[in-house]
Structure formats: C-alpha cells, structure tokens
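# Observations on chain architecture
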Amino acid sequence: MNRFRITSRCECQALLIAVLDEHRHVVEGSAERLGIIEVAPAHSIGAEGDRFDVAWLCPFCARNTLRMFHV
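The text that follows walks through the structure, step by step, so that each part is easy to find. Keep in mind that what you see is a predicted model, and the values were worked out from it rather than measured. The residue numbers shown here count from 1 along each chain, following its written sequence. This being a predicted model, a pLDDT of at least 70 is required before a residue's local features are given, and a value of 80 or more before pairs of side-chain atoms are given or counted; all residues contribute to the totals for chains, interfaces and linings. With hydrogens and water excluded, all non-hydrogen atoms of the structure serve as input to the side-chain values.

## Focus on the overall build of the protein chain
Where we set the bar: In this description a helix means any DSSP run of H or I spanning at least four residues, a strand means any run of E spanning at least two, and both kinds are numbered starting from the N terminus. When we talk radius of gyration, it's over C-alpha atoms, and the globule rule is simply 2.2 Å times the number of residues to the 0.38. Exposure is judged per residue with a 1.4 Å probe applied to protein chains only, and the accessible area is read against the type maximum: over 50% gives exposed, under 20% gives buried, and values in between give partly exposed. Contacts between residues were defined by any pair of non-hydrogen atoms, one from each residue, lying within 4.5 Å. The accessible surface values rely on the Shrake-Rupley method and a 1.4 Å probe; as for residues, cover is taken only from the protein chains in view. His is not counted, nor are the chain ends, whereas Lys and Arg count as positive and Asp and Glu as negative. One atom stands in for each charge, and that atom is NZ of Lys, CZ of Arg, CG of Asp or CD of Glu.
The number of helices and strands found in the protein chain is 0 helices and 7 strands. In terms of overall size, the protein chain behaves like a compact globule, its C-alpha atoms giving a radius of gyration of 12 Å where 71 residues would be expected to give roughly 11 Å. Oriented by its inertia axes, the alpha-carbon framework of the protein chain measures out at about 30 × 20 × 15 Å. The buried share among the 71 residues of the protein chain stands at 35%. Of the contacts made within the protein chain by residues no fewer than 6 positions apart, 27% connect residues no fewer than 24 positions apart. With the model as given, the accessible surface of the protein chain reaches about 4,600 Å², and the carbon-plus-sulfur share is 50%. Where the 8 positive side-chain charges of the protein chain centre and where its 9 negative ones centre are 7 Å apart.

Rendered as structure tokens:
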C-alpha cells in the first residue's frame, strides 16, 4: 500500500501533517509546534478529483484549517 505525506502551516505556525493512502484518504493526521507533536484529526474532501482538500483540526489553536492540493 502506497502512502503519501503532505504538510501545511496553520495560522498559529504549527506544522500540519497528513498521511494519505493511494486513494488520497487520510490515514493519520498530526501537528507539530515547538517540538511537541499532537494528534490532529484530519480528513480529505473530494479525494477522487484532480484537486482535493484536506481539513485539519489544529490541537494547538483549535482552528479548522482547510488546504487545497493538486494531484
């Protein structure tokens, strides 16, 4: 099974990380800030298209962060 790692920055500067499977569905999400790593619930939206979104709930600032990615 292929896995892919994508990253983005939250507005609070935490590094948001999502591990995706070959269908671009989120397998796990996390966030890292100042050396602390926390679980960050994440899911993909529209994973079957050329462009898809990943949404995270940042555990550091409680923001819902949505980012678009291109295949």
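On we go from here.
## Description of the pattern of salt bridges
For clarity, the threshold we go by: Here, a salt bridge means any Lys or Arg side-chain nitrogen found within 4 Å of an Asp or Glu carboxyl oxygen.
What the rule picks out here adds up to 1 salt bridge. The partner of Arg 67 in a salt bridge is Glu 11, with the nearest N and O atoms 3.8 Å apart. In this pair, Arg 67 is assigned in strand E7 (residues 64–70) and Glu 11 in the loop between strand E1 (4–9) and strand E2 (15–20), connecting sequence segments 56 residues apart. Looking at Arg 67, the relative accessible area reads 22%, which means it is partly exposed.

## A closer look at the nonpolar core
In a soluble, globular protein the nonpolar side chains are often hidden away together inside. To keep it simple, the criterion reads: Only buried residues count toward a nonpolar core, which is a set of Ala, Val, Leu, Ile, Met, Phe, Trp, Tyr and Cys residues joined through side-chain atoms within 4.5 Å.
Counting 15 residues, the largest nonpolar core has Ile 6, Val 54 and Trp 56 as its most contacted members. Looking at this core, the elements that each hand over two or more residues are E2, strand E3 (26–33) and strand E6 (51–57).

## A few points about the packing of aromatic side chains
What counts is decided by this rule: Side-chain rings of Phe, Tyr and Trp (the six-membered ring for Trp) are treated as a pair once their centres are within 6.5 Å; stacked means planes under 30 degrees apart, edge-to-face means over 60, and tilted covers the remaining angles.
Applying the stated criterion across every chain yields a total of 2 aromatic pairs. Centre to centre, the rings of Trp 56 and Phe 69 are 6.5 Å apart; their planes meet at 70°, and the pair counts as edge-to-face. With a gap of 13 residues between them, Trp 56 in strand E6 and Phe 69 in strand E7 connect regions that are remote in the sequence. A relative accessible area of 1% places Trp 56 in the buried class. The class of Phe 69 is buried, set by a relative accessible area of 16%. Each residue in the set Phe 52, Trp 56 and Phe 69 is aromatic and connected to the rest through ring pairs, giving one cluster.

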